[in-house]
Amino acid sequence: MIGCDCAVCTSKDLKNKRRRCSLYIVTEGQHIIIDTPPDFREQVLTFSINEINAAFITHPHADHIMGFDDIRRFSALQKQHIPVYGSPQTIKMMRTIFHYVDKGYNFQSVPRVQFKEQQQTVSVGNVQITPLPVHHGQDIIYGYLVSGDNKRLAYIPDCNGIPNTTMKLLTDLDVMILDGLRPEPHPTHFCTRESCEQLKIINAKQSFITHLTHNWDHHELQKILGDSVTVPWDGLKIKLL
């Protein structure tokens, strides 16, 4: 947190050094990114991400999209347009904010992408990606359900309510990753208690809480949650065998 000298912000423990939320998935030979936050360039360099076949955007808030320009390096390396999916409202905003995309320049100059409005399951190779509409304050935004290699993972980083129609999709999950911002209630995010209540209902094989603020020390929160919910950290790899 800018301008903060609390114990978490000044911690030397790398598990307390949190960048903005993003998820990289490799399955069925495909490489998929969910969200391109302001830290995107640093993230892909730090964790040696060299290929992206498709991108999915949960919603067009700054902390989820403002690293998008660095998609250009992947379209240049791969010499092909990268499909970028989101809700119709999200894609409309992406076209406005990143209005210079695909304006006739070469692959090195700007991101070369294909913006695609998504309202149902799409395929990236043999991977199935289903939008999960959720409440984020007054807005309806997306999480995503990813199915590949006979595994099911759901990712909802920003949320303060899950409609029944979406909850019905969150069954037989190998992994559930859910927003759990801070100890105190928040108008647009699940607080930690609310997140854990939802994770218990969903009952995935592995449950993770994400989008954490500096209000939580990593180890303190993990001690409170015990074995039922994992507190992730930047660079955590989840291997599903």
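Below, the structure is looked at part by part. Being a predicted model, the structure only gives us computed values, none of them experimental. Throughout, residues of each chain are indexed from 1 in the direction in which the sequence is written. Local features in a predicted model are, by the rule used here, given only for residues with pLDDT of at least 70; side-chain atom pairs are given and counted only at 80 or more, and totals for whole chains, interfaces and linings are based on all residues. Just so you know, side-chain values use all the structure's heavy atoms and leave hydrogens and water out.

Describing the overall build of the protein
Reasoning step 1: Summing up its helical and strand segments, the protein has 7 helices and 11 strands in all.
Reasoning step 2: If one aligns the C-alpha atoms of the protein with their principal axes, the spans along those axes are about 55 × 40 × 40 Å.
Reasoning step 3: Burial classification: accessible surface area is computed with a 1.4 Å probe over protein chains only, and a residue below 20% of its type maximum counts as buried, one above 50% as exposed, and the rest as partly exposed. Counting the 241 residues in the protein, one finds 49% classified as buried.
Reasoning step 4: Long-range pairs, those at least 24 residues apart, make up 59% of the contacts in the protein with a sequence separation of at least 6.
Reasoning step 5: All accessibility values rest on the Shrake-Rupley procedure with a 1.4 Å probe; residue burial counts only the protein chains present in the view. In the form shown here, the protein has an accessible surface area of approximately 12300 Å², with 49% of it arising from carbon and sulfur atoms. For helices the rule is a DSSP run of H or I covering at least 4 residues; for strands it is a run of E covering at least 2, with both sets numbered from the N terminus onward. Throughout, a contact is declared for two residues whenever any of their heavy atoms are within 4.5 Å.

Comments concerning the pattern of salt bridges
Between side chains of opposite charge, a pair can form as their charged atoms come close.
Reasoning step 1: By convention in these notes, a salt bridge is any Lys or Arg side-chain nitrogen within 4 Å of a carboxyl oxygen on Asp or Glu. Scanning the entire structure with this criterion turns up 6 salt bridges.
Reasoning step 2: In this structure, the salt-bridge partner of Lys-205 is Asp-174, at a minimum N-O distance of 3.4 Å. Remark: Asp-174 occurs in the loop between helix 5 (164-167) and strand 10 (175-179) and Lys-205 occurs in the loop between helix 6 (192-202) and strand 11 (206-210); sequence separation between them is 31 residues.
Reasoning step 3: Residue class for Asp-174 comes out buried when judged on its relative accessible area of 8%.
Reasoning step 4: Within this structure, Arg-19, Glu-42 and Asp-234 form a network of salt bridges that share partners.

Section: unusual backbone geometry
Reasoning step 1: Of note in this structure, Asp-35 is not a glycine but carries a positive phi near 75°.
Reasoning step 2: Relative to the assigned elements, Asp-35 resides in the loop between strand 2 (30-34) and helix 1 (40-46).
Reasoning step 3: A positive phi is found at Asn-203, a non-glycine position, where the angle reads about 60°.
Reasoning step 4: Tracing the backbone through its elements, the reader meets Asn-203 in the loop between helix 6 and strand 11.

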